[in-house]
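Notes for the structure review
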Amino acid sequence: MWGGRFSAAPSELMQAINVSIGFDQRLADQDIRGSLAHAAMLAQQGIISEQDHADIKKGLAQVKGEIAEGVFPFSDDLEDIHLNIEGRLRENIGEAAGRLHTGRSRNDQVATDFRLWVRDYLDHFGAQLESLQGALLAQAAAHTDTIMPGFTHLQNAQPVTFGHHMLAYLEMFARDKSRFEDCRKRMNESPLGAAALAGTPYPIDRDMTAAALGFDRPLANSLDAVSARDFALEALSCAAICATHLSRLSEEIVIWTSAQFQFVSLSDAFTTGSSIMPQKRNPDAAELIRAKVGRIMGALTALTIVMKGLPLAYSKDMQEDKEPVFDAFDALSLGLAAMAGMVADMTPNKARLADSASAAYSTATDLADWLVRKLNMPFRDAHHVTGTIVALAEKQGKTLDALALTDMQTVEPRITDDVFSVLSPLASASSRTSYGGTAPSEVEKQVARWKKLLPSA
């Protein structure tokens, strides 16, 4: 395709390092969409004839069908998906294929294809996140009053509800969805028509091609249009944050399903066994999601390093933009699908959760708050009194709600039996009625809010 300037073919090593068809064939659909939009614009502007336009449309439809059927003859000799499609188009329709590239370059062509591909995947992530949010919401709705321990430092802190815990992740993934949507808005500008770097002398209509491809507008600077990859970096940044949330939930599932915790169970659908230990049920799906975060973060780092020293405009280094994005997005898509399945599959162990919620004096803060509210005690003094009572209960091997009133009164004589109304885990959680709190009544309100916000709920 570019051999007129050269008298010899590239060496095998040059061919090996230069060829990208092995991975960029994933851009075939986007490349054809871009070419159809470009051809329609060329015809409308009188740059190519209507007959050439008709032949190009017919030929591209044939190419698309061959790719869909798995019979397209991909060739390393043609380097990339763009030249492969153009070469096959020439075989199918002859001379008219050569007119398709009028007014554009592979530089703006690949930039357009890649933006379209990333944009398509951002929409895909939005749908997947909505599915995961729906699974979390279903668990929250079913467990608005299921008591469990809330942790800080992975130590029992205060009782919460399982529904509240699920809603915490729903909120995280809602922000992830919002980030992908914001990223999509920012990247939704068309490079097509910027040509190699300086624009083109042909009377093209970039607004027409932008609209045809669903972009909001053309990119305003031709140098920026062909050289920018910040849209991919931003998408990877959003993916890395989302993957971090997946990893945190994965870590909790790994912990919760352990014999030491037994907070939840997973069915055979999301666990595996051991080749030597027949009793094992391993949460491998959660572990693999947790591990894939490294690949996604690595992709962000890799592309950042590729781009950090490039002068304007296009450099061949930018061929290295696609593989890390493809790999990272594949990993995130699989992780989101697997997590939605696991969350829906989880069965909380209510008895175990309730028992653990009462351990480690998790209602101590409720005792301190009671002293403040009922006895008008300064919180710091209440904190000290509560610590002394906890030490007394620990010495007797009892939970706070099992400690005798007379024993508490040896520390603070004004304590009455009303104190027992806040010392059980359920009473503790139920008292947390501030907006966003863990009280079942508040969780029910948040569930109702999310059922309105999630179209699929």
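These numbers were taken from a predicted model, which means no experiment stands behind them.

When helices and strands are tallied, the protein chain shows 19 helices and 6 strands. Compactness check: the protein chain gives a C-alpha radius of gyration of 30 Å against a globular reference of 23 Å for 457 residues, more than 25% above the reference. For the protein chain, the spread of C-alpha atoms along the principal axes amounts to about 100 × 55 × 40 Å. Counting across all 457 residues of the protein chain, residues that qualify as buried make up 49%. Contacts spanning at least 24 positions in sequence make up 75% of the contacts within the protein chain whose residues lie at least 6 apart. Both charge centroids of the protein chain, one from 44 positive and one from 57 negative side chains, sit 4 Å from each other.

Attention now goes to the packing of aromatic side chains. Two aromatic rings are characterised by how far apart their centres lie and by the angle between their planes. Evaluated as defined, the whole model comprises 14 aromatic pairs. Relative to Phe263, the ring of Phe151 has its centre 6.4 Å away and its plane inclined at 20°; by these criteria the two rings are stacked. With Phe151 in strand E1 (residues 147–152) and Phe263 in the loop between helix H11 (230–256) and strand E5 (264–265), this pair connects stretches of sequence that are 112 residues apart. Between Phe261 and Phe263 the ring centres are 5.1 Å apart and the planes differ by 75°, which places this aromatic pair in the edge-to-face class. Residue Phe261 is classed as partly exposed on the basis of its relative accessible area, which comes to 22%. Connected via pairs of aromatic rings, a cluster forms that spans Phe114, Trp117, Tyr121, Phe125, Phe180, Phe231, Phe326 and Phe329. Across the ring face of Phe326, the terminal group of Arg26 is positioned such that the distance to the ring centre comes to 4.9 Å. Lying over the aromatic face of Phe215, Arg119 brings its terminal NZ or CZ to 4.9 Å of the ring centre.

Take the side chain of Gln128 next. With respect to the element layout, Gln128 can be found in helix H7 (residues 106–142). What Gln128 contacts, discounting residues up to four positions off in sequence, is Ser333, Leu336 and Ala337.

Turning our eyes to something else, we now look at the pairing of strand E2 (residues 155–161). One ladder, built from 6 bridges, connects E1 with E2; its direction is antiparallel. From the neighbouring strand, Pro149 faces E2, where its bridge partner is Pro159. Where E1 folds back on E2, the antiparallel hairpin that results is connected by 2 residues, among which His153 adopts a positive phi of roughly 60°.

Take unusual backbone geometry next. In this chain, Leu312 is followed by Ala313 through a cis amide linkage whose omega measures 5°. Considering the arrangement of structural elements, one finds Ala313 in the loop between helix H12 (284–307) and helix H13 (322–345). Although it is not a glycine, His153 sits at a positive phi angle of roughly 60°. Tracing the sequence through the fold places His153 in the loop between E1 and E2. Accessibility expressed as a relative area gives 75% for His153, which makes it exposed. Even without being glycine, Asn376 reaches a positive phi, approximately 55°. Here Asn376 is to be found in the loop between helix H15 (364–375) and helix H16 (379–396). We classify Asn376 as exposed; its relative accessible area is 68%.

Summed over the entire model, instances satisfying the criterion amount to 27 salt bridges. Two residues, Arg88 and Glu66, come together in a salt bridge whose shortest N-O distance is 2.8 Å. Linking Arg88 in helix H5 (residues 81–93) with Glu66 in helix H4 (residues 50–69), this pair joins segments that are 22 residues apart in sequence. The salt bridge partner of Arg217 is Glu189, with a shortest N-O separation of 3.2 Å. Placement of the pair is Arg217 in strand E4 (residues 217–218) and Glu189 in strand E3 (residues 189–190), with a sequence separation of 28 residues. By relative accessible area, which is 41% here, Arg217 ends up partly exposed. One salt-bridge network, held together by shared partners, links Asp29, Arg33, Lys64 and Asp120.

Moving on, we come to H4. Here H4 spans 29 Å end to end across 20 residues, near enough to the 28 Å set by a 1.5 Å rise per residue. Every buried residue belonging to H4 is among Asp52, His53, Ile56, Gly59, Leu60, Val63 and Glu66, and all of these are buried. Projected down its long axis, H4 carries its buried residues within an arc of 145°, all on one side. Residues Glu50, Gln51, Lys58, Ala68 and Glu69 are exposed on H4 and point more than 90 degrees away from its buried face.

Pairs of packed helices are described in terms of their axes, by the angle between the two and the distance that separates them. For the pair H7 and H13, interaxial distance at closest approach is 9 Å and the crossing angle is 15°. With respect to H13, the axis of H7 lies roughly parallel. Crossing handedness for the pair H7 and H13: left-handed. Looking at the contact of H7 with H13, its residues break down into 20 nonpolar, 5 polar and 2 charged.

By volume, the largest pocket amounts to about 330 Å³. Surrounding the largest pocket, 18 residues form its lining, Gly150, Phe151, Thr152, His165 and Glu252 being those nearest its centre. Secondary structure elements with two or more residues in the lining of the largest pocket: E1, E2, helix H8 (162–187) and H11. Counting residues per element, the lining of the largest pocket draws most heavily on H11, which supplies 5 residues. A class-by-class count of the residues in the lining of the largest pocket yields 7 nonpolar, 7 polar and 4 charged.

This paragraph deals with the nonpolar core. Among the nonpolar cores identified, the biggest contains 93 residues, and Val118, Phe329 and Leu332 are the most heavily contacted of them. Of the residues forming this core, the biggest block, 16 residues, is contributed by H11. Setting aside its immediate chain neighbours within four residues, Leu332 contacts Phe125, Phe180, Ala239, Cys242, Ala243, Leu246 and Ile296. Leu367, Val385, Leu400 and Ile415 belong to the second largest nonpolar core, which has 20 residues in total.

Rules and cut-offs
- Residues numbered from 1 in each chain as written.
- Predicted model: local features only at pLDDT ≥ 70, side-chain atom pairs only at ≥ 80, totals over all residues.
- Heavy atoms only, no water.
- Helix = DSSP H or I, 4+ residues; strand = E, 2+ residues; numbered from the N terminus.
- Rg over C-alpha atoms; globule rule 2.2 N^0.38 Å.
- Buried < 20%, exposed > 50% of the residue type's maximum accessible area, 1.4 Å probe, protein only.
- Contact = heavy atoms within 4.5 Å.
- Lys, Arg positive; Asp, Glu negative; His and termini not counted.
- Charge placed at Lys NZ, Arg CZ, Asp CG, Glu CD.
- Phe/Tyr/Trp six-rings, centres within 6.5 Å; stacked < 30°, edge-to-face > 60°.
- Lys NZ or Arg CZ within 6 Å of the ring centre and 35° of its normal.
- Pairing = 2+ DSSP bridges.
- Salt bridge = Lys/Arg side-chain N within 4 Å of Asp/Glu carboxyl O.
- Expected span 1.5 Å × (residues − 1).
- Arc of directions from axis to C-beta.
- Axes fitted to C-alpha atoms, helices over the stretch in contact; angles between N-to-C directions.
- Parallel < 35°, antiparallel > 145°, perpendicular 65-115°, else oblique.
- Left-handed = near helix turned anticlockwise from the far one by under 90°.
- Nonpolar A, V, L, I, M, F, W, Y, C, P; charged D, E, K, R; others polar.
- 1 Å grid on protein atoms, 1.4 Å probe; cavity = no way out; pocket = protein on both sides within 12 Å on 5 of 7 lines; lining within 4 Å.
- Points joined across faces, edges and corners; volume = space filled by probe spheres on them.
- Core = buried A, V, L, I, M, F, W, Y, C linked by side-chain atoms within 4.5 Å.

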